[in-house]
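What follows is each chain in one-letter form.
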Amino acid sequence: MELKLDPAQISAVLRRHIKESQVTVGMEEVGTVIEAGDGIARIKGLPSCMSAEMLEFPDNVYGMALNLEMDQIGAVILGEYEHIQQGMQVKRTGRILEVPVGVELVGRVVNGVGQPVDGKGPLGNKKFRPIEGRAPNVVQRQPVKEALQTGLKCIDSMIPIGRGQRELIIGDRQTGKTALAIDTIINQRGKDVYCIYVAIGQKQSTVVGVVETLQKYGAMDYTIIVAANASDAAPLQYVAPYAGCAMGEEFRDSGKHALIIYDDLSKHAVAYRTMSLLLRRPPGREAYPGDIFNLHSRLLERAAKLSDKLGGGSLTALPIVETQAGDYSAYIPTNVISITDGQIYLETDLFYGGVRPAVSVGLSVSRVGGNAQIPAMKKVAGALRLNLAQYRELAAFAQFGSELDKSTQAQLTRGEKLVEVLKQPQYEPMPVEQQVMIIAAANLGMLDDIPTDQVKSFETDFHEFMKDKFPAIGQAIRETKQMSDETMAQIKKATEEFKLLFKP
């Protein structure tokens, strides 16, 4: 059988296909790696590249453009960089570095760019946010006036922290800086505050220890851990705090409250210095680049209490800085002190002297002050601060061994008891009403005749007694946040009753 082809039919089919087919012509900017090593790549090409833009290297590895020079680009590689070699192609993404954000991250451990590293599978989030963001301006903020309780008596009474504040924790290594931050996270349980703990340049074992502690006390239910370990490349350590801040801003901008801890910014500055020197940026003081101040100011300025018009959300920052041999006038410590709204200074001598938390009351300050306290705490804190200041002055004078009159001895005894009351075990944050009651009792002189080594057991039994016999007092302080003269009289009467029962 002979097959006949109809030319008209064939041409009609071809015409239809040509009409329907759409040819799109696209242009893609491609660069070439001219040098790579130590987590840094120099790229030729990409004339339209933006600063801090994400670049795509082969094998799904991303980088970030930092140096935009006349004939080349200096980029840092975020991830494994050993396989990146000269001659490889690099593509632009047209996007600034973004990280996943949202409640889906709560309870998870992620790396510096928001990828999960806890083996619990993908995050399942829908939202991303650029790591760099503009800090809210003056009109968009409101004053810090809402207390963020740490659960630590010495801080909540004398160096209060408010929602939206930036309070620096500073001290030598092994003085309890991280422990203080962890206690604050544990104390946020049931207070509707999301916590983000950013570990920068820490040992992996240290981060695992923090995660286990938070799990033990049920704090991982509202906490995100961003871990850029010491074994990670400098670029990942550099982006980690900005990534954590973007996660916190997501809660802040949706009317919720968040607390972020940067542990610690000394290591962050070192990571940035490493990167900058490899990128051949000119070094300044202590070999840090000239924009080291901007590095931390643009990060910490993003912590704020937003105006009611914008939802009234807040992001509170507790940056940590490590000092060398107590030198808080060094470059990075003074930089961060000048950016923050106060500092909690931890002293080695106090720590080894058994005063824990080892907070130096003389060197620590909160520039928000009583605005960040509930009225009840404000009332008892004034007398506490005065008594401690007088005690410090007299203690220095009493060292000369001269005869002391009765009033001086009484003042020294009162101060001794107050110092003992302010000591607190680790991972045992205290509800604010209990803090107010024991400080009020100490201020009234009810502990003056208790032996100093018995003050801790007195306090423990006192709280149990108040909970069982006078629960209304604590409830009134918690609910009204006030301390009336009547409540003060009730505390005095209850303490007198308890002292008759207390057996050292």
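Bear in mind the structure is a predicted one, so any value in this text is a computation, not a measurement. Think of each chain on its own: its residues are numbered from 1, step by step along the sequence as written. Totals for whole chains, interfaces and linings use every residue, but because this is a predicted model, local features are given only for residues with pLDDT of at least 70 and side-chain atom pairs only at 80 or more, for both listing and counting. Side-chain calculation: all heavy atoms of the structure are included, whereas hydrogens and water are not.

Student: Hey, could you go over the overall build of the protein for me, with residue numbers and the actual values?
Tutor: Helix numbers and strand numbers start at the N terminus; a helix is a DSSP run of H or I with at least 4 residues, a strand a run of E with at least 2. For the protein, the helix and strand inventory stands at 15 helices and 16 strands. Dimensions of the protein along its principal axes, counting C-alpha atoms only, are 125 × 55 × 40 Å. The proportion of buried residues among the 504 residues of the protein is 51%. If you take every contact in the protein between residues at least 6 apart in sequence, the share linking residues at least 24 apart comes to 75%. Residue-level accessible areas treat just the shown protein chains as cover; the underlying method is Shrake-Rupley with a 1.4 Å probe. As displayed, the protein has an accessible area near 24,000 Å², and 52% of this comes from carbon and sulfur atoms. The positive charge centre, built from 56 side chains, and the negative charge centre, built from 60, are 4 Å apart in the protein. For every residue, the accessible area (1.4 Å probe, protein chains only) is compared with the maximum for its type, and the residue is labelled buried under 20%, exposed over 50%, or partly exposed between those bounds. Should any heavy atoms of two residues lie within 4.5 Å, those residues are counted as being in contact. Charged-residue counts in this description rest on Lys and Arg as positive and Asp and Glu as negative, His and the chain ends being excluded. Note that the charge is assigned to NZ on lysines, CZ on arginines, CG on aspartates and CD on glutamates.

Student: Run through the nonpolar core, naming residues and quoting values.
Tutor: Here the nonpolar core consists of buried residues drawn from Ala, Val, Leu, Ile, Met, Phe, Trp, Tyr and Cys, with membership extended through side-chain atoms lying within 4.5 Å. Ile185, Leu214, Ile225 and Ile344 are the most contacted members of the largest nonpolar core, which has 66 residues in total. If you tally residues by element for this core, the top one is helix 12 (residues 432-443), at eight residues. Every residue in contact with Ile344, bar those within four places of it in the chain, is listed here: Ile155, Ile159, Ile161, Glu167, Leu168, Ile169, Ile170, Leu180, Val359 and Ser364. Core analysis: the second largest hydrophobic core is formed by 59 residues, Leu168, Ala246, Leu265 and Leu295 among them.

Student: Lay out a nonpolar patch on the surface with the relevant residues and their values.
Tutor: Think of a patch as exposed residues, more than 30% relative accessible area, with no salt bridge, where like charges cluster within 9 Å and nonpolar side chains (Val, Leu, Ile, Met, Phe, Trp, Tyr) cluster within 5 Å. Here, a salt bridge means any Lys or Arg side-chain nitrogen found within 4 Å of an Asp or Glu carboxyl oxygen. Among the surface-exposed residues, Ile10, Leu14 and Ile18 lie close enough to one another that they form a single nonpolar patch of about 300 Å² accessible area. Relative to the helices and strands, Leu14 is located in helix 1 (residues 7-20).

Student: Kindly report on the packing of aromatic side chains, identifying the contributing residues and their values.
Tutor: Between 30 and 60 degrees the pair is tilted, below 30 it is stacked and above 60 it is edge-to-face, where a pair is any two Phe, Tyr or Trp rings, Trp via its six-membered ring, whose centres lie within 6.5 Å. For the structure shown, the criterion picks out 14 aromatic pairs. Here Tyr217 and Tyr427 contribute two aromatic rings whose centre-to-centre distance is 5.6 Å and whose plane-to-plane angle is 40°, an arrangement assigned as tilted. In this pair, Tyr217 sits in the loop between helix 4 (204-216) and strand 12 (223-228) while Tyr427 sits in the loop between helix 11 (406-422) and helix 12, placing the two residues 210 residues apart along the sequence. Judged by its relative accessible area of 25%, Tyr427 is partly exposed. A connected cluster of aromatic rings, assembled from ring pairs, spans Phe458, Phe462, Phe465, Phe470, Phe498 and Phe502. Taking the ring centre of Tyr288 as reference, the NZ or CZ of Arg273 above it sits at 4.4 Å. In this structure, Arg356 packs its charged tip against the face of Phe351, placed 4.0 Å from the ring centre. Criterion for a charge above a ring: Lys NZ or Arg CZ within 6 Å of the ring centre, and within 35 degrees of the ring normal.

Student: Tell me about the sheet that holds strand 14 (residues 314-322), and please be specific about residues and values.
Tutor: Overall, mixed pairing links the eight strands, which are arranged 8-12-11-13-14-10-15-16 in an open sheet. Across the chains shown, the open sheet's two edge strands, defined by having one partner strand only, are strand 8 (109-110) and strand 16 (365-366). In this structure, strand 8 lies alongside strand 12, joined through two bridges in parallel fashion. Residue Val110 lies in a different strand from strand 12, and its bridge partner there is Val226. When DSSP finds at least two bridges between two strands, those strands are taken to pair.

Student: Tell me about the pairing of strand 3 (residues 53-57), and name the residues and values.
Tutor: Within strand 3, four of the five residues are buried, which leaves the element mostly enclosed by the surrounding structure. The pairing of strand 3 with strand 6 (residues 89-96) spans three bridges and is classified as antiparallel. Bridging across to strand 6, Glu53 finds its partner in Ile96. Bridge analysis of strand 3 against strand 4 (residues 61-68) gives four bridges, and the strand direction is antiparallel. Looking at the pairing, Phe57 lines up with Val61 of strand 4. Counted between consecutive antiparallel strands, the loop separating strand 3 from strand 4 contains three residues, among which Asp59 sits at a positive phi close to 60°.

Student: Which residues make up helix 3 (residues 177-186), and what values do they have?
Tutor: Across the 10 residues that make up helix 3, a large majority, nine, are buried. For helix 3, the set of buried residues is Lys177, Ala179, Leu180, Ala181, Ile182, Asp183, Thr184, Ile185 and Ile186.

Student: Describe the sheet that holds strand 6, with residues and values.
Tutor: Either a parallel or an antiparallel arrangement is found when strands of a sheet pair, and the pairing is made through backbone hydrogen bonds. Read once around its circumference, the closed barrel built from six strands follows the order 1-2-5-4-3-6, with strand pairing classed as antiparallel. Recorded for the sheet is a direction-independent mean angle of 45° between the axes of neighbouring strands. Sheet contacts for helix 5 (residues 234-253): strand 4 and strand 5 (73-78); angle to strand 5, the most-contacted strand, approximately 85°. Every axis in this analysis is a line fitted to C-alpha atoms, fitted for helices over the stretch in contact. Angles between the N-to-C directions lie between 0 and 180 degrees.

Student: Requested: an account of the side chain of Arg252, with residues and values cited.
Tutor: Among the structural elements, Arg252 can be located in helix 5. With relative accessibility at 4%, the residue Arg252 sits in the buried group. Whenever a nitrogen or oxygen atom comes within 3.5 Å of another N or O atom, the pair is scored as a polar contact, on the condition that within protein one atom can donate a hydrogen and the other can accept it, and that pairs from neighbouring residues in sequence are kept only if both atoms are in side chains. Of the polar contacts made by the side chain of Arg252, one reaches the side chain of Asp253; its length is 2.9 Å. Each residue touching Arg252, except ones within four places of it in the same chain, is listed here: Pro136, Arg302, Ala304, Leu306, Gly313, Ser314 and Leu315.

Student: Describe the pattern of salt bridges, with residues and values.
Tutor: Scanning the entire structure with this criterion turns up 27 salt bridges. A salt bridge links Glu132 to Arg298, with the shortest nitrogen-to-oxygen separation between them at 3.0 Å. Pair noted here: Glu132 is in the loop between strand 9 (127-130) and helix 2 (153-158) and Arg298 is in helix 7 (residues 292-300), with a separation of 166 residues, a long-range link. Taking the relative accessible area as the measure of exposure, Glu132 reaches 30% and is therefore partly exposed. Residue Lys305 pairs with Glu146 through a salt bridge whose shortest N-O separation is 3.5 Å.

Student: Outline unusual backbone geometry, listing residues and values.
Tutor: A cis geometry characterises the amide bond from Asp263 onward to Asp264, with omega recorded as 0°. Take Asp264: it is sitting in the loop between strand 13 (257-263) and helix 6 (265-278). We note that Asp59 has phi near 60°; this positive angle belongs to a residue other than glycine. Structurally, the position occupied by Asp59 is in the loop between strand 3 and strand 4. Phi is positive for Asp192, which is not a glycine, with a value near 65°. Along the chain, the position of Asp192 falls in the loop between helix 3 and strand 11 (193-200). The class of Asp192 is exposed, set by a relative accessible area of 67%.

Student: Could you give an account of helix 1, with specific residues and numbers?
Tutor: With 14 residues, helix 1 extends 20 Å from end C-alpha to end C-alpha; this agrees with the ideal 20 Å at 1.5 Å per step. Counted residue by residue, helix 1 has zero buried out of 14 residues, so it is predominantly exposed. Helix span, expected: 1.5 Å multiplied by one less than the number of residues in the helix.

Student: Tell me what's going on with the packing of helix 13 (residues 455-469) against helix 15 (residues 485-501), and back it up with residues and numbers.
Tutor: Relative to each other, helix 13 and helix 15 sit at 120°, their axes nearing to 11 Å. Classified by the interaxial angle, the pair formed by helix 13 and helix 15 is oblique. Read as a crossing pair, helix 13 and helix 15 show a hand that is right-handed. Where helix 13 approaches helix 15, its residues Phe458, Asp461, Phe462, Phe465 and Met466 are matched on the opposing element by Ala494, Thr495, Glu497, Phe498, Lys499 and Leu501. Throughout this description, any angle smaller than 35 degrees is read as roughly parallel, any larger than 145 degrees as roughly antiparallel, any in the 65 to 115 degree range as roughly perpendicular, and the remainder as oblique. Should the near helix be turned anticlockwise from the far one by less than a right angle, the crossing is left-handed, and should it be turned clockwise, the crossing is right-handed.

Student: Which residues make up the packing of helix 12 against helix 14 (residues 471-480), and what are the values?
Tutor: Interhelical geometry of helix 12 versus helix 14 gives an angle of 115° and a closest axis separation of 9 Å. Seen from above, helix 12 lies across helix 14 with right-handed handedness. From helix 12, Glu433, Val436 and Met437 reach across to helix 14, where they touch Ile473, Gly474, Ile477 and Arg478.

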